[in-house]
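Each chain, written out:
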Amino acid sequence: IVHRDKTLQECDMKAVVALAFGVPAELRSNKCVAEVASLQSEALGGAPIFTQLGMEMHYGLPTKPIEGEHPGHWANTMQMATAAVAWAKKEGICELWIAAATPHLRRTLRDFQDEVRRQDVTIELRECPQHMEFSSADWFCADSEQSRTRTRLVWYAWDIPLMLMPLSLYRRLTDFPL
């Protein structure tokens, strides 16, 4: 993270954040997210990947799993943003590349931007471009344990109200310790 006495130009520490899309981690959608994160990490010279329990990256790339997650108790998007930004701050990372399912990306970026503001740090947020290589069929999995990630219709019925909700209310509903 870049503190007040530095500029982004003086910082070259980069990392990737990989957010699961559905449960379990072995779902096709999560393998796609892992591929996106792995490719971006490699493009950044083996940058570390902050991720969720069970998400396996390719090539043995270094990962940092979010603390407090366990089967049946998964981090939500805001919890991932809070933890990843705090981790980046602690590690001196100034650029986070976000690897998320395409349908999840807009809210993910919004949550991360809000968290960067809340923690009063300077971190550049970027979306991993590789997510565009996958289709809707790759992201929505009928065998997901999270019903909202099984179909596009259910996902948008879940996601649109969360995007339209005032951030202050959204935070009260989603921002609690793991």
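Residues numbered from 1 in each chain as written. Predicted model: local features only at pLDDT ≥ 70, side-chain atom pairs only at ≥ 80, totals over all residues. Heavy atoms only, no water.

Caption draft 1: Region of interest: the nonpolar core. Within the largest apolar cluster, 26 residues are counted, with the highest numbers of intra-cluster contacts made by Val17, Leu96, Ile98 and Phe112. Those elements giving two or more residues to this core turn out to be strand 1 (14-18), helix 2 (77-91), strand 4 (95-99) and helix 3 (102-118). Residue contributions to this core peak at seven residues, all from helix 2. Discounting chain neighbours no more than four positions away, the residues touching Phe112 are Val17, Leu19, Met80, Ala81, Ala84, Val85, Leu96, Ile98 and Leu125. (Core = buried A, V, L, I, M, F, W, Y, C linked by side-chain atoms within 4.5 Å. Buried < 20%, exposed > 50% of the residue type's maximum accessible area, 1.4 Å probe, protein only. Helix = DSSP H or I, 4+ residues; strand = E, 2+ residues; numbered from the N terminus. Contact = heavy atoms within 4.5 Å.)

Caption draft 2: Examining the confidence of the model for the chain more closely. Looking at the chain as a whole, the pLDDT averages 93, with 95% of positions reaching at least 70. Note on residues 1-7: pLDDT is under 50 here. Beyond four places in sequence and across chains, it has 18 contacts. (pLDDT = per-residue confidence, 0-100.)

Caption draft 3: Layout of the pattern of salt bridges. On inspection of all chains with the given rule, the structure shows 12 salt bridges. For Asp159, the salt bridge is made with Arg107, and the minimal N-O distance between the two is 2.5 Å. With Asp159 in helix 5 (residues 152-164) and Arg107 in helix 3, this pair connects stretches of sequence that are 52 residues apart. Like Asp159, the residue Arg107 is buried in the burial classification. One salt bridge in this structure joins Arg171 and Glu115, with 2.4 Å as the shortest N-O distance. (Salt bridge = Lys/Arg side-chain N within 4 Å of Asp/Glu carboxyl O.)

Caption draft 4: Representation of the packing of aromatic side chains within the structure. Across all of its chains, the model carries four aromatic pairs by this definition. The interplanar angle of 75° and the centroid separation of 5.7 Å between the aromatic rings of Phe21 and Phe140 together place this pair among those described as edge-to-face. Of this pair, Phe21 sits in the loop between strand 1 and helix 1 (28-43) while Phe140 sits in the loop between helix 4 (136-139) and helix 5; the two residues are 119 residues apart in sequence, bridging distant segments of the chain. Each member of the pair, Phe21 together with Phe140, is buried. Plain terms: the ring middles of Phe21 and Trp155 are 4.8 Å apart, the flat faces sit at 70° to each other, and that makes the pair edge-to-face. Taken together, the residues Phe21 in the loop between strand 1 and helix 1 and Trp155 in helix 5 connect sequence positions 134 residues apart. Of the residues examined, Phe21 reaches a relative accessible area of 2% and is grouped as buried. Using a relative accessible area of 2% as the deciding quantity, one classes Trp155 as buried. Ring pairs connect the aromatic residues Phe21, Phe140 and Trp155, which therefore count as one cluster. The ring of Tyr170 is capped by Arg110, whose NZ or CZ atom sits 4.4 Å from the centre of that ring. Geometry around Trp158 places Arg148 over its ring, the cationic atom sitting 4.3 Å from the centre. (Phe/Tyr/Trp six-rings, centres within 6.5 Å; stacked < 30°, edge-to-face > 60°. Lys NZ or Arg CZ within 6 Å of the ring centre and 35° of its normal.)

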